[in-house]
Amino acid sequence: MQLQDKRVLTLMTRPRRLRSSGAMRDMVRETQVNLGGLIQPLFIVAGTGVRDPISSMPGVARMSADVAALEAKELASVGIRAVLLFGIPDFKDATASSNYDPHGVVQTATRAIKAALPQMLVVADLCNCEYTDHGHCGILDARGDVENDATVELLVRTALTYAQAGVDVIAPSDMMDGRVGAIRRALDDDGYTNVAIMAYSAKYASAFYGPFREAADSTPAFGDRRSYQMDPANAREALREVFLDIDEGADIVMIKPALAYLDVVRTVRDHVELPLAVYNVSGEYAMVKAAAQNGWIDEERIVDELLLSFARAGADIIITYFAKDYAQRHG
Ligand code: PBG
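What counts as what
- Residue positions are counted from 1 within each chain, in the order its sequence is given.
- Side-chain atom pairs in this predicted model are given and counted only at pLDDT of 80 or more, local residue features only at pLDDT of at least 70, and totals for whole chains, interfaces and linings cover all residues.
- Calculation of side-chain values draws on the structure's entire complement of heavy atoms; hydrogens and water are dropped beforehand.
- A 1.4 Å probe that fits but cannot get out identifies a cavity on a 1 Å grid over protein atoms alone, an open set with protein on both sides within 12 Å along at least five of seven lines counts as a pocket, and a residue lines either if it has an atom within 4 Å of a point.
- Grid points are joined across faces, edges and corners, and a volume is the space filled by probe spheres set on the points.
- Under the scheme applied here, ten amino acids are nonpolar (Ala, Val, Leu, Ile, Met, Phe, Trp, Tyr, Cys and Pro), four are charged (Asp, Glu, Lys and Arg), and all others, including Gly, are polar.
- In this scheme, a residue with accessible area under 20% of its type's maximum is buried, one over 50% is exposed, and one in between is partly exposed, where area comes from a 1.4 Å probe on protein chains only.
- Runs of H or I in DSSP of at least four residues are treated as helices and runs of E of at least two as strands, each being numbered from the N terminus.
- To be clear, the arc concerns the directions from the helix axis to the C-beta atoms.
- Charged-residue counts in this description rest on Lys and Arg as positive and Asp and Glu as negative, His and the chain ends being excluded.
- In what follows, salt bridge is the name for a side-chain nitrogen of Lys or Arg lying within 4 Å of a carboxyl oxygen of Asp or Glu.
- Side-chain atoms alone can form a polar contact between residues adjacent in sequence; in general such a contact is a pair of N or O atoms within 3.5 Å, and within protein one must be able to donate a hydrogen while the other accepts it.
- Contacts are assigned to residue pairs with any non-hydrogen atoms lying within 4.5 Å of each other.
- Stacked, tilted and edge-to-face are the three classes assigned to paired rings of Phe, Tyr and Trp, where Trp is represented by its six-membered ring and a pair needs centres within 6.5 Å; plane angles under 30 degrees give stacked, over 60 edge-to-face, the rest tilted.
- Patches draw on residues past 30% relative accessible area with no salt bridge. Two like charges within 9 Å are joined, as are two nonpolar side chains (Val, Leu, Ile, Met, Phe, Trp, Tyr) within 5 Å.
- Only the protein chains shown count as cover for residues, and the accessible areas themselves come from Shrake-Rupley with a 1.4 Å probe.
- Positions of charges follow a simple convention, taking NZ of Lys, CZ of Arg, CG of Asp or CD of Glu.

Q: I'm lost on empty space enclosed by the protein in this one. Help?
A: Over the atoms a probe the size of a water molecule is rolled, and this reveals where empty space is left. Following the criterion strictly, the structure yields one cavity of 30 Å³ or more and no others. In this structure, the largest cavity spans a volume of roughly 160 Å³. Among the residues forming the lining of the largest cavity, the class breakdown is nine nonpolar, four polar and six charged.

Q: Looking at this structure, how should I read helix H9 (residues 262-271)?
A: At 3.6 residues per turn, the α-helix brings residues three or four places apart onto the same side. Taken together, the buried positions of H9 are Leu262, Val264, Val265, Val268 and Arg269. Buried residues of H9, viewed axially, fall in a sector of 150 degrees; they line one side.

Q: Would you mind going over the side chain of lysine 203 with me for this structure?
A: Structurally, the position occupied by lysine 203 is in strand E7 (residues 196-203). Of the side chains with opposite charge, aspartate 125 comes closest to the buried, unpaired lysine 203, at an N-O distance of 5.8 Å. A polar side-chain atom of lysine 203 sits 2.9 Å from the main-chain carbonyl oxygen of serine 173. Setting aside its immediate chain neighbours within four residues, lysine 203 contacts Ser173, Met175, Tyr209, Gln229, Met230 and Lys256.

Q: Can you help me understand the packing of aromatic side chains in this one?
A: Think of a pair of aromatic rings as described by two things: how far the centres are apart, and how the planes are tilted against each other in angle. Considering all chains together, one arrives at nine aromatic pairs under this definition. With a centroid separation of 4.9 Å and an interplanar angle of 75 degrees, the aromatic rings of phenylalanine 86 and phenylalanine 212 are classed as edge-to-face. With phenylalanine 86 in strand E4 (residues 82-88) and phenylalanine 212 in helix H7 (residues 210-216), this residue pair connects regions lying 126 residues apart in the sequence. Judged by its relative accessible area of 12%, phenylalanine 212 is buried. Three or more aromatic residues joined by ring pairs form one cluster here, namely Phe43, Phe86, Tyr200, Phe212, Tyr279, Tyr285, Tyr321 and Phe322.

Q: Is there a simple way to think about a positive patch on the surface in this case?
A: Among the surface-exposed residues, Arg14, Arg16, Arg17 and Arg19 lie close enough to one another that they form a single positively charged patch. Here arginine 17 lies in the loop between helix H1 (2-12) and helix H2 (22-28).

Q: Before we go on, may I ask you to explain the layout of surface pockets in this structure?
A: Here the largest pocket is characterised by a volume of approximately 320 Å³. In this structure, the largest pocket is lined by 19 residues; those nearest its centre are Gln40, Gly59, Val60, Glu71 and Lys324. It is strand E1 (residues 38-45) that contributes the most residues to the lining of the largest pocket, four residues altogether. Class assignment for the residues of the lining of the largest pocket results in 10 nonpolar, three polar and six charged. Considering only enclosed or pocket space, the second largest pocket measures out at about 230 Å³ in volume. Lining the second largest pocket are 15 residues, and of these Met175, Asp177, Ser227, Tyr228 and Glu241 sit closest to its centre. Here the lining of the second largest pocket gets four residues from one element, more than from any other, and that element is helix H8 (residues 236-247). Across the lining of the second largest pocket, the residue classes break down as six nonpolar, three polar and six charged.

Right, dumping it as structure tokens:
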């Protein structure tokens, strides 16, 4: 008698009912990817008319400022409203001086994009590794380690030139302590109270940045970034980094990379009300592209599933090299 009751109960509950048609599935879908939250990264080089493909990132190219402005127009036409700029300068030295040059690559591209398309949100990645001849993210001390406070001063100086060029959001990706507060104060002191800060709060020392470093020519000449980027084993520490950045004035916090860190995204989402961004990095992009080119996976379905997983884990903003492609298919 008891057994029979149990069977009746089981049959009364049929989750498959809600999967029985497309309309039904659409009606009960829990998560959507917000096109307004997608950010397309762009690699900027000097010169004009340059579009130089990056072999480790099929479909991604380094562009000069004029080409980036055209690209921004194309992005806008498919519904992408924000770009993230990375500068790859012609000239590198020990103190990243081409980064705070008012006519540097990021500053020039920002002005070009804003002139062509004032409503495009320009986010500028703020770091020194693309600008130093040693490839580390800041100024080195005698032992070859990155000196925190001197590097923060350098970041502040560069951030002001970015703001002056018209950048809407500064995104420090260096992982120096105290940089968010220092940048916020300097921006406010100079009247840039509306320039937002999207902090790479929990940025892990990850092998997934490999293709980016090839693209940006920013592989450290010696050593690695483990004395400033986070240990992949640590999740609680991510929360601590996030809270520090919020205390210092961050407007948006970010977790990077994405795929192998979705537990961190979920934990941060559950503790924080600020907009949360996730960075689907170069190695994650390259893995999908390589497998798709071999015919081993269906790229479009994989990309849709990945972006959905970022949103489901709690990300509001998704930085991804797939942004344009995704918007083209879903706009
Ligand atoms: C700069 C920076 C890196 C990335 C974003 N900003 C490289 C690094 O930290 O070595 C990686 C982005 C990607 O892999 O797509 N510090």
